[in-house]
Amino acid sequence: MAFVTMTLFLRTNMHRDNVIDGGVYVGALFFTIVMIMFNGLIELTMTIAKLPVFYKQRDLRFYPSWAYAIPTWILNIPLTFVEVGVWVFITYYVIGFDPHVGRLFKQYLLLLLVNQMASGLFRLIGAVARNMIVANTFGSFVLLTLFVLGGVVLSREQVRKWWIWGYWTSPMMYGQTAIVVNEFLGNSWSHVPANSTEPLGIQVLKDHGFFTAPYMYWIGVGALFGYVIVFNLLFTLALTYLNPLEVSQAVQSNDAKTSRGDAALSVGAERGEGLMRGNKHSPSSSSTRQKIAFNANGRRGMVLPFEQHYITFKEEMKSQGVAEDKLVLLKELSGAFRPGVLTALMGVSGAGKTTLMDVLAGRKTGGYIEGNITISGYPKKQETFARISGYCEQNDIHSPHVTVYESLLYSAWLRLPSEVGSDTRKMFIEEVMELVELNPLREALVGLPGVNGLSTEQRKRLTIAVELVANPSIIFMDEPTSGLDARAAAIVMRTVRNTVDTGRTVVCTIHQPSIDIFEAFDELFLMKCGGQEIYVGPLGRHSSQLIKYFQGINGVSKIKDGYNPATWMLEVTTHAQEMALGVDFAELYKQSDLCRRNRALIEELSVPGPGSKDLYFPTQYSQPFFTQCMACLWKQRCSYWKNPSYTAVRLLFTTVIALMFGTMFWDLGSRRQASFYFSNYQTLTRLKSIQDLTNAMGSMYTAVLFLGIQNDLAVQPVASIERTVFYRERAAGMYSALPYALAQVLIEIPYILVQALVYGLIVYAMIGFEWTAAKFFWYIFFMYFTLLYFTFYGIMSVAITPNQDIALIVSGAFFGLWNLFSGFVVPRTRMPIWWRWYFWACPVSWTLYGLVASQFGDMKVPFENSILTVEDYVRDYLGYKHDFLGVVAAVIVGFTVLFAATFAISIKMFNFQHR
C-alpha cells in the first residue's frame, strides 16, 4: 500500500499552486492517517481469540489482569516503530511533503502515536465485546464516529451542535489536525498566491476547516498520548471486571427413551441382549448369500424399500505423495462388509482407519488408489455408489440455522429418487426420526457445535438420520462415539444398532470403546500402523473368538477377568509387543486359517450373484436441476430467516448508521440557496461552496465504505460455514455446484433490497437531497447494487480462499485499494496517468461516480460568490459527467454479476477440503 500510495501521489504530479492543489495533499494525509489507524485492526481479532485462555488463567489465579495487559501493550510497540517507519520513510519524500527533515520526524512521531492509539482502541473494543459479532457491530459504530468526525469527511464548521462532542472526543480528529498543521505550516506552503494576503498553507487549512495555530500539532500529540494511556487502562479494567459471555446450553430432549436409566439399561443388559448383535455372520459360512437373504427378511419394515448391497476390496490403496516417492498409507488390505452386519474398523492412531473408510466411500481428495473395490460383485463407480451409500463424518457438519426436521426434509428432498412423492417422503422422514429417536427435537435449531443448539450426542444422531433419509444400502460412520460420555455413546450406538437391524451394511471406525459398545459390533477389522490388517473376523459372544485368536499366539498375555477386550487387543498388538515377541501380527494373520476363509469369502462375493444387475441411474443426481435450485433456495430461506444475528443485526446496523448519517449531515439542503424562476416553474439549487459539495460527497463515500465493508465482513462467516456444509452435501451427490451458488446469491437479493430502501429513505430525507423521482431512483439504485456487490464480493472471497482468515486478509487488502481509488481521497483528474486504469477497475469509484453525478452532475447554477457552476466543477475537477450515468449503472450491475459468477465458478472448481 505504501508503494501504491507514493506512486499515486508522486511529487511530479503534486503541485502547490492553489487551494485545490492543497486539497490533494489533504487527501494524501487523510489516507495516511486511515492506513496507519486501521493497521491496528488485527488487534481486535487477536484479542478476542486469546480471551478464552486468559479468562481460564485469570480465574485460576495465574496472574492479575494488569500483568497480562501491560506485556500485550509493550510487545506491540517495536512492531509499531517498524510498521510506521516503513510507511513514512518510503512515502514522505516520494509524495512530496515539506522537505524539512524536522517535519519528517514530527510526522513519524505523530503516526507512532496514532498507531498505538488505534491498537489500544481495538484491544479495548475486543475486551468489552468478547465475541466477533458484537465487536464488529459495536466497533463499527465507534469507528464510524471517529471517521466522519475526523475533520475531513465533515469539516469542523459544519459539524452540527449535537455532534460537536464527537468531534472534540475523536482521536482521529487530533491526529488529522496535527498532521495537516505539520505539513501546511511548512516553508513549501508559505508563499502568498496572487490576489491573496495569506500564505497558501493557511488558506488550505481554513478552506478545509482546520486550525491554523502551530501549537495544534503538540496538542494533537498530547491528546493522542493521553488516548493511548486511557485506552490501555480501560483495556486492563475490562479484563479485570468482565467475564466471558454465557455459552448457550444445548437443547434438552424430554424423550423418556433417552433418560439415563434407559440408556444404561440398553447398554448394561446381559451380554447378547440390548445393543448386542442381532444377527451372527461368521466368515466361515459356506452360503453367505442365503444368510443375507434371511437377515433381509428379518429386518425392520420401512416405508421405502432398498436394495441390499455388500462391498468387497482386495489389495487396497497406496496413497499420498509424488510418483517417485509414495508414502504407503494402506498396504494390501482385503475385506468384505455385508448387510445386517455391524463391522468395527479399529486400530491405533495413524493405522489408517479413516483413510480406508475415505477410500471405500470415495471421499479421498488426494493420493493414489490401487486395487479393486466391488459393490455386490460389480466394479465400484463413484457416480452410482454415492446414490446408494451414506457417510457420517466425525465432525457432524450441518447448517446451523435450520431445524432438525428441516435438515432431514432437505436431505430427503434431494437424495431420494424423483419418483418418491412428497407424502411418502414425509412418512419416511417420520420413520427415520422415530428410528433415530429425534422426534422430541424436531423443531430444535441445529446450532453451532459447542456454542448453541444440539448437544454433541444429538448432533451425532442427526448426522446418522441425515444419511438414513437418503435410504442408503451402505453406511460408513467415522468414530460416531468420539467425544461422548458413556450415556451419550450408548444412545448413539443404540441408533447405530437400530440402523443395522434394518438390513443395511454399516461400517464404523471406533476409538477406545467401552466393553458394552465394543461388544455391540458383529465383526472387527483390526489394523496396525502402516495400514496392515492383523485381524478380520467375528468378535463372538463376549469377544470370545477375538480373544481366542490372539491368545493362540505364543507369548501374548492372557486377558484378565472383566478387562475391556478392546483395550487388551490394542495393548497386545503394539509395535513394542511385536518387537518383544519377535513376531509380525500382519504376517501371522496372512498365514492363518481365518485369513484363508476371509479370502474365500471375498472371492465368492466379488462375483455378481445370479440374476443381479450392476448399479445404474439415468442421471447423476436424484433430482433435476430446477428441483435442486428450489431445494437449495428453500434451505437458504429457512436458514436466513432463523439467523437474526446476521439478517436482523445487519438491518439494525444499517438503520442506526442511517440515523447517524442523517443527524451528522442534517438538512444539507439548508447549506443551499434556492433561486425560484416562476416564469418556467423551475427551482434551481445553489450550493454555497465547494466544501458543501465535498461534505455531501463525503456522506456518500463514508456510507458506501462502511455499509459495504460491514456487509462483506458479516457475510463471510455465514458463507464459510455454509461452504463446509456444501462440501459434505456435494460429496454425497445431493446437487451440483450451480444450484447451491444460485441459492446463496438469490437469497441475499430481497434482504439487501430492504437494507438499501431503509438506508436510502432515512438518509435521503434527513440530509435533504433534491426530491425528484429520477434522483431518488438513482440514489436507491446505486446504493442497492453497491451493497449487493460488496456482499457478493465477501461470498466470493470465501470461495476462492482456503479459510475465513485468509478471505479477510484478501478482502481487506482490496478495501484499502478501493478506498484510495474511490475518487474521494484523490479525484481521477489528479491521478497520474499510470494509475487511472485502476480508477476504472475500482467498483467503489463507479459507485461514487453514479451517486455524485446523479445528484449534482446536472446542476447548472454557480457556487455562491463564484462564476464556477456545480456541473463544471463536478465535470472538470471530479471528472464526473451526468450523461454517462447509463454506462455507470451498467458497470455497477456488471460488477455485481461478475462477483456472483466468480463465486459460482470458484465453488465449483476449488475444493479446499483435503482428505
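Since the structure is predicted, the reported quantities are computational estimates derived from the model, not experimental observations.

Colleague: Tell me what's going on with the environment of His398, and back it up with residues and numbers.
Modeller: Looking at where His398 falls in the secondary structure, it is placed in the loop between strand E8 (389–392) and helix H15 (404–415). Taking the relative accessible area as the measure of exposure, His398 reaches 7% and is therefore buried. For the pair formed by His398 and Gly447, sequence separation is 49 residues and the distance between their alpha carbons is 8.4 Å. Engagement of the side chain of His398 in a polar contact is seen with the side chain of Thr463, the distance being 2.9 Å.

Colleague: Explain the side chain of His309 to me, using residue names and the numbers behind them.
Modeller: For His309, the position within the fold is in the loop between helix H12 (288–298) and strand E1 (311–316). Residue classification places His309 among the buried residues on the basis of a relative accessible area of 5%. Of the polar contacts made by the side chain of His309, one reaches the side chain of Glu307; its length is 3.3 Å. Engagement of the side chain of His309 in a polar contact is seen with the side chain of Ser376, the distance being 2.8 Å. Filtering out sequence-adjacent residues up to four positions away, His309 remains in contact with Pro339, Ile375, Ser376, Ile388, Ser473, Ile474, Thr505 and Leu615.

Colleague: Mind laying out the sheet that holds E8, listing which residues take part and the relevant values?
Modeller: Strand order across the open sheet formed by six strands is E8-E9-E10-E5-E11-E12, with mixed pairing between neighbours. Whereas interior strands pair on both sides, the edge strands pair on one side only; in this sheet they are E8 and strand E12 (532–538). Along the sheet, successive strands turn relative to each other by an average axial angle of 15°, direction set aside. The sheet contact formed by strand E9 (residues 474–478) and strand E10 (residues 505–509) spans five bridges and is parallel. Looking across to E10, one finds that Ile475 is bridged to Val506. Against the sheet, helix H13 (residues 353–361) contacts strand E5 (342–347), E8, E9, E10 and strand E11 (523–528), and its axis sits at roughly 150° relative to E9.

Colleague: Help me get a handle on the pairing of E9, residues and values and all.
Modeller: Buried residues dominate E9, accounting for five of its five residues. Side chains Ile474, Phe476 and Asp478 of E9 all project onto a buried face; the interleaved residues Ile475 and Met477 project onto the opposite face, where all are buried too. Looking at chain direction, E8 and E9 are connected through four bridges and run parallel. Residue pairing across strands places Ser389 opposite Ile474, the latter belonging to E9. The parallel pair E9 and E10, bridged by helix H18 (residues 486–500), forms a crossover whose chirality is right-handed.

Colleague: Talk me through the packing of aromatic side chains; I want residue IDs and the actual numbers.
Modeller: Per the counting criterion, the structure on display carries 84 aromatic pairs. For the ring pair Tyr167 and Trp168, a centre distance of 5.4 Å and an interplane angle of 85° mean the geometry is edge-to-face. Of the residues examined, Trp168 reaches a relative accessible area of 40% and is grouped as partly exposed. On the numbers, 6.1 Å between centres and 35° between planes, the contact of Phe895 with Phe899 is tilted. You can see Phe895 and its partner Phe899 sitting in helix H35 (residues 885–909), four residues apart, about one turn around the helix. Residue Phe899 is classed as buried on the basis of its relative accessible area of 8%. By the ring-pair criterion, three or more aromatic residues cluster together here, those being Tyr789, Phe790, Tyr793, Phe814, Phe815, Trp818, Phe895 and Phe899. A cation over an aromatic ring shows up here: Arg156 above the ring of Phe211, its NZ or CZ 4.0 Å from the ring centre. Above the ring of Phe617, the side-chain terminus of Arg387 is found at 4.3 Å from the ring centroid.

Colleague: I'd like a description of the packing of helix H17 (residues 456–468) against H18, backed by residues and values.
Modeller: Running from N to C, H17 and H18 cross one another at 15°; their axes reach a closest spacing of 9 Å. In terms of orientation, H17 lies roughly parallel with respect to H18. As for the relative orientation of H17 and H18, their crossing is right-handed in sense. Residues Glu457, Lys460, Arg461, Ile464 and Leu468 of H17 form the contact with H18, whose participating residues are Ala488, Ile491, Val492, Thr495, Val496 and Thr499. Its residues assigned to classes, the contact of H17 with H18 comprises six nonpolar, two polar and three charged.

Scoring rules and cut-offs
- All residue numbers refer to position in the chain's written sequence, counted from 1.
- Local features in this predicted model are restricted to residues whose pLDDT is 70 or higher, and side-chain atom pairs enter the listing and the counts only when it is 80 or higher, whereas totals over whole chains, interfaces and linings include all residues.
- Processing note: side-chain calculations cover all non-hydrogen atoms of the structure and skip hydrogens and water entirely.
- The helix and strand labels rest on DSSP assignments: H or I over at least four residues marks a helix, E over at least two residues marks a strand, and numbering proceeds from the N terminus.
- Using a 1.4 Å probe on the protein chains alone, a residue whose accessible area is under 20% of its type maximum counts as buried, one over 50% counts as exposed, and one in between counts as partly exposed.
- The term polar contact refers here to a pair of N or O atoms within 3.5 Å; inside protein, the definition further demands a hydrogen-donor-capable atom paired with an acceptor-capable atom, and it admits residues adjacent in sequence only when both atoms are side-chain atoms.
- Contacts: residue pairs with any heavy atoms within 4.5 Å of one another.
- Note: two strands are recorded as paired if DSSP finds a minimum of 2 bridges between them.
- Fitted lines through C-alpha atoms serve as axes, helices being fitted only where they are in contact, and the angles separating the N-to-C directions of these axes extend from 0 to 180 degrees.
- Every crossover in which the path from the first strand over the helix to the second runs clockwise, viewed with the strands pointing away from the viewer, is termed right-handed.
- When the centres of two rings from Phe, Tyr and Trp lie within 6.5 Å, Trp using its six-membered ring, the rings pair. Their planes under 30 degrees apart give stacked, over 60 give edge-to-face, and anything left gives tilted.
- Two conditions define a charge sitting above a ring: the NZ of Lys or the CZ of Arg must be within 6 Å of the ring centre, and it must be within 35 degrees of the ring normal.
- The scheme is simple: roughly parallel for angles under 35 degrees, roughly antiparallel for over 145, roughly perpendicular for 65 to 115, oblique for anything else.
- Less than a right angle of anticlockwise turn of the near helix away from the far helix marks a crossing as left-handed, whereas a clockwise turn marks it as right-handed.
- Following the grouping adopted for this structure description, the nonpolar residues are Ala, Val, Leu, Ile, Met, Phe, Trp, Tyr, Cys and Pro, the charged ones are Asp, Glu, Lys and Arg, and the polar ones are all others, Gly among them.

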